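Listed here are the chains, written in short residue letters.
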Amino acid sequence: MIRALSRFARSRFGGSAVELALVAPVLVAVGVLAVEGWEGNAGAGRMRAGLDAASRYAMAGGTDQTAMRTLALEAWTGRPANANVVVARECLCGTTVATCGTLCATTNRPPSIYYRFTASGTGEGVFGERRLQSTQVVRVR
């Protein structure tokens, strides 16, 4: 009996199978996490591409906020069903909020105009839904 146990202890048959059984779950977990990370980055990148389209329109002189929102949504490929883009126009004299049609009191110049684009939605991930959100601010004057 002792001789059989010592032979079994020295035997190398099946060692690779045992190692694979121990390492395989770790490899599968790393693969699933890699796919989850890639999908998250790809979804966020497609969302930012939509915001970039709206930003380019604003920087080219466009002022129609409805058109900006439509451009952003149309350029957002693979967007989720609940995708939303909010466009806000802000006028600032330095760091102070100002009325867009008036001159700044301190400089007697028109205020700087900014457009703030905020996109949001719920994307699908390997582990369930993932909240997507991105904001981009563009100064046009």
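Check the entry above for the structure.
Definitions and cut-offs
- All residue numbers refer to positions counted from 1 along the written sequence of the respective chain.
- Owing to the predicted nature of the model, reporting of local features is limited to residues with pLDDT of at least 70; listing and counting of side-chain atom pairs is limited to 80 or more, with chain, interface and lining totals taken over all residues.
- With hydrogens and water excluded, all non-hydrogen atoms of the structure serve as input to the side-chain values.
- Disulfides are defined as cysteine sulfur pairs within 2.5 Å.
- For every residue, the accessible area (1.4 Å probe, protein chains only) is compared with the maximum for its type, and the residue is labelled buried under 20%, exposed over 50%, or partly exposed between those bounds.
- Residues enter patches when their relative accessible area tops 30% and they take part in no salt bridge; the joining distance is 9 Å for like charges and 5 Å for the nonpolar side chains Val, Leu, Ile, Met, Phe, Trp and Tyr.
- Only the protein chains shown count as cover for residues, and all accessible areas are computed by the Shrake-Rupley method using a 1.4 Å probe.
- When a carboxyl oxygen of Asp or Glu is within 4 Å of a side-chain nitrogen of Lys or Arg, the pair counts as a salt bridge.
- Helix and strand definitions here come from DSSP, where helices need a minimum of 4 consecutive H or I residues and strands a minimum of 2 consecutive E residues; each element is numbered from the N-terminal end.
- Whether two strands pair depends on DSSP finding at least two bridges between them.
- The nonpolar core is taken to be a set of buried Ala, Val, Leu, Ile, Met, Phe, Trp, Tyr and Cys residues, with the residues joined through side-chain atoms within 4.5 Å.
- Contacts are assigned to residue pairs that have any heavy atoms within 4.5 Å of one another.

Draft legend 1. Representation of the state of the cysteines in the model. One pass over the full model with this rule turns up two disulfides. Here Cys-91 is linked by a disulfide to Cys-100, with a sulfur-sulfur distance of 1.8 Å. The disulfide joining Cys-91 to Cys-100 has a torsion of about 100° about its S-S bond and is therefore right-handed. Exposure remark for Cys-91: the relative accessible area of 3% places this residue in the buried category. Since its relative accessible area comes to 27%, Cys-100 is described here as partly exposed. Assigning the bonded cysteines of the protein consecutive numbers by sequence position, one obtains the connectivity 1-3, 2-4.

Draft legend 2. Inspection of a nonpolar patch on the surface at higher detail. Taken together, the side chains of Val-18, Leu-22, Val-23 and Leu-27 present a nonpolar region at the surface, about 400 Å² in accessible area. Relative to the helices and strands, Val-23 is located in helix H2 (residues 15-59). Val-23 gets classed as partly exposed once you look at its relative accessible area, which sits at 42%.

Draft legend 3. Just the pairing of strand S1 (residues 84-93), in detail. Note: S1 against strand S2 (residues 96-97), two bridges, orientation antiparallel. If you follow Cys-93 over to S2, its bridge partner there is Thr-96.

Draft legend 4. Just the nonpolar core, in detail. Core analysis: the biggest nonpolar cluster contains 18 residues, and Met-68, Trp-76, Val-85, Val-87, Tyr-115, Phe-117 and Ala-119 have the highest contact counts within it. Mapped onto this core, the elements with two or more residues apiece are H2, helix H3 (65-75), S1, strand S3 (112-125) and strand S4 (128-139). Beyond its immediate stretch of four places on either side in the chain, Met-68 contacts Ala-54, Tyr-57, Ala-58, Gly-62, Thr-63, Val-87, Tyr-115 and Phe-117.

Draft legend 5. Representation of the side chain of Ser-120 within the structure. Following the sequence through the fold, Ser-120 ends up in strand S3. Look at Ser-120 and you get buried, because its relative accessible area is 14%. Ignoring any residue separated from it by four or fewer positions in sequence, one finds Ser-120 in contact with Met-47, Trp-76, Asn-82, Ala-83, Asn-84, Arg-131, Leu-132 and Gln-133.

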